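Residue-level structural notes
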Amino acid sequence: MKILVTGAKGFIGKNLIAELRNRNYLEIMEYDVDCTEELLGDYCRDADFVYHLAGVNRPKEVSEFMKGNYYFTSTLLDLIRQYNNKCPIVLTSSTQAALSNPYGESKRAGEDLLFKFSNESGNTAFVYRLPNVFGKWCRPDYNSVIATFCHNIANELSIKVNDPDVLLNFVYIDDVVSELIDAMEGFPHMNNEGYCYVPTCYSINLGDIAKLIKDFASARHKNIIPDMSNGFIKKLYSTYLSYLPPEKLSVPLKMNADIRGSFTEIIQIPGRGQISVNIVKPGITKGNHWHQSKTEKFIVVSGKASIQFREVNSKEIFEYHVSGNKIAVVDIPPGYTHKLTNEGEHDLITIIWTNETFDPEHPDTYYLEV
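Residues numbered from 1 in each chain as written. Predicted model: local features only at pLDDT ≥ 70, side-chain atom pairs only at ≥ 80, totals over all residues. Heavy atoms only, no water.

1. Topic: the overall build of the protein chain
Along the backbone of the protein chain there are eight helices and 19 strands. Against the globule reference of 21 Å for 370 residues, the protein chain gives a C-alpha radius of gyration of 28 Å, more extended than a compact globule. Projected onto its principal axes, the C-alpha coordinates of the protein chain cover approximately 85 × 45 × 40 Å. Here the protein chain holds 370 residues, and 44% of them are scored as buried. (Helix = DSSP H or I, 4+ residues; strand = E, 2+ residues; numbered from the N terminus. Rg over C-alpha atoms; globule rule 2.2 N^0.38 Å. Buried < 20%, exposed > 50% of the residue type's maximum accessible area, 1.4 Å probe, protein only.)

2. Brief notes about helix α8 (residues 231–242)
Every α-helical turn comprises 3.6 residues, leaving residues that sit three or four positions apart pointing alike. Between its terminal C-alpha atoms α8 stretches 17 Å, which fits the 16 Å expected from twelve residues at 1.5 Å a residue. Here α8 starts with a cap whose side-chain oxygen sits 3.0 Å from the backbone nitrogen of Phe232, and that cap is Asn230. (Expected span 1.5 Å × (residues − 1). Polar contact = N/O pair within 3.5 Å; in protein donor to acceptor, adjacent residues only side chain to side chain.)

3. Quick word on unusual backbone geometry
The phi angle at Trp137 is positive, at roughly 75 degrees, despite the residue not being glycine. Turning to its location among the elements, Trp137 is positioned in the loop between β6 (132–134) and α5 (145–154). Note on Trp137: relative accessible area 43%, which makes it partly exposed. A positive phi angle, close to 60 degrees, is found at Glu156, a residue other than glycine. Relative to the helices and strands, Glu156 is located in the loop between α5 and β7 (167–172). Given a relative accessible area of 66%, Glu156 falls into the exposed group.

4. Brief notes about the sheet that holds strand β11 (residues 273–280)
Strand order in the open sheet formed by six strands is β9-β10-β11-β18-β13-β16, and the pairing between neighbours is antiparallel. Each edge of the open sheet is held by one strand with a lone partner, namely β9 (255–258) and β16 (329–332). Looking at each pair of strands side by side, their axes are set apart by 20 degrees on average, direction ignored. Two elements, strand β13 (residues 296–302) and strand β18 (residues 348–354), share six bridges in a ladder whose sense is antiparallel. Note that in β18 the partner of Ser302 across the bridge is Ile349. (Pairing = 2+ DSSP bridges. Axes fitted to C-alpha atoms, helices over the stretch in contact; angles between N-to-C directions.)

5. Section: the pairing of β7
Consecutive residues of a regular strand have side chains that alternate between opposite faces of the sheet. Looking at chain direction, β6 and β7 are connected through three bridges and run parallel. Looking across to β7, one finds that Phe134 is bridged to Tyr172. A crossover connection joins β6 to the parallel β7 through α5; in handedness this β-α-β unit is right-handed. Pairing geometry for β7 and strand β8 (residues 202–205), over four bridges, is antiparallel. (Right-handed = clockwise from strand over helix to strand, strands pointing away.)

6. Describing the packing of α5 against helix α7 (residues 206–220)
Where α5 meets α7, the closest approach of the two axes is 10 Å, and the angle between their N-to-C directions is 30 degrees. Relative to α7, the element α5 is oriented roughly parallel. Considering the relative orientation of α5 and α7, their crossing is right-handed. Of the residues in α7, those in contact with Val145, Ile146, Phe149, Cys150 and Ile153 of α5 are Leu206, Ile209, Ala210, Ile213, Lys214 and Ala217. Looking at the contact of α5 with α7 residue by residue, the class counts come to ten nonpolar, no polar and one charged. (Parallel < 35°, antiparallel > 145°, perpendicular 65-115°, else oblique. Left-handed = near helix turned anticlockwise from the far one by under 90°. Contact = heavy atoms within 4.5 Å. Nonpolar A, V, L, I, M, F, W, Y, C, P; charged D, E, K, R; others polar.)

Dropping the structure here:
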């Protein structure tokens, strides 16, 4: 299949093309403003499917709205008609097409042109009225408030929130791309009015978006991960990280080291516990303590270890011999005193998950030899 993508170097275009290639659609004809009309003609002749993503939304002159959103669409359709190409066509429009402003009117004019062309020529048309789209590779200070906020906060620049209570609708770039490919493969989402849509959409106040991104920046330096069970937060967090400068991608950790080895808290996840790494020198034993409520999972990833534990009201000792050569999870229930011994000749490296983040005021850790 030969796929034409106009606006190939734009935000949606770059993400769409990357995913098409991931799915082994390899004959992609990329058109953008630096290409010639002659090349566009060749593409329109050969295309089996067209993604018309090109458009103008932040021009220097108001007249450029119609030029970029209507007249270019007209040129594209004329070329497809010239070659009698019956390929389906996707047009990415905007929810502003329902509004009376220069941008919305130009997008609506492009929609009407495609619908008319479809009725006359028989080409299948998919028109997507997209709300605000966010995700990686979106240009800040252009047409996405999330891109601007993420870029500025990631680079320690100020942001401006004009109306924190304004409610905005958002779709995530990966969801958009998935839907666009679904349309090509014959499974578009379409409403009763004949417009296509991305099924997963989020409504959130501008002020809440700003607070979330600021919280991401603060929590990241404390190695705290936000609640990934919330779909919007998960996608917004991924977007924020994509705007961090490469030199800021590393966060140092506090390593608590002594002659026995070291213990380092890696990640805290409120409501989901924390992950740490425990390094034990050869012949050394750590632990000999128990917890009232706290539970742990031990995963030895390198070295050889003995994990012993017993219920605090019993004398019966249980033991597991584990190693990085055959990784397993050993659960440490509450009420069991336990210890970890390095049985090998090299450092023992153990990943530990705990069901709660460490609270120095209430450590829930009591010394008791196994």
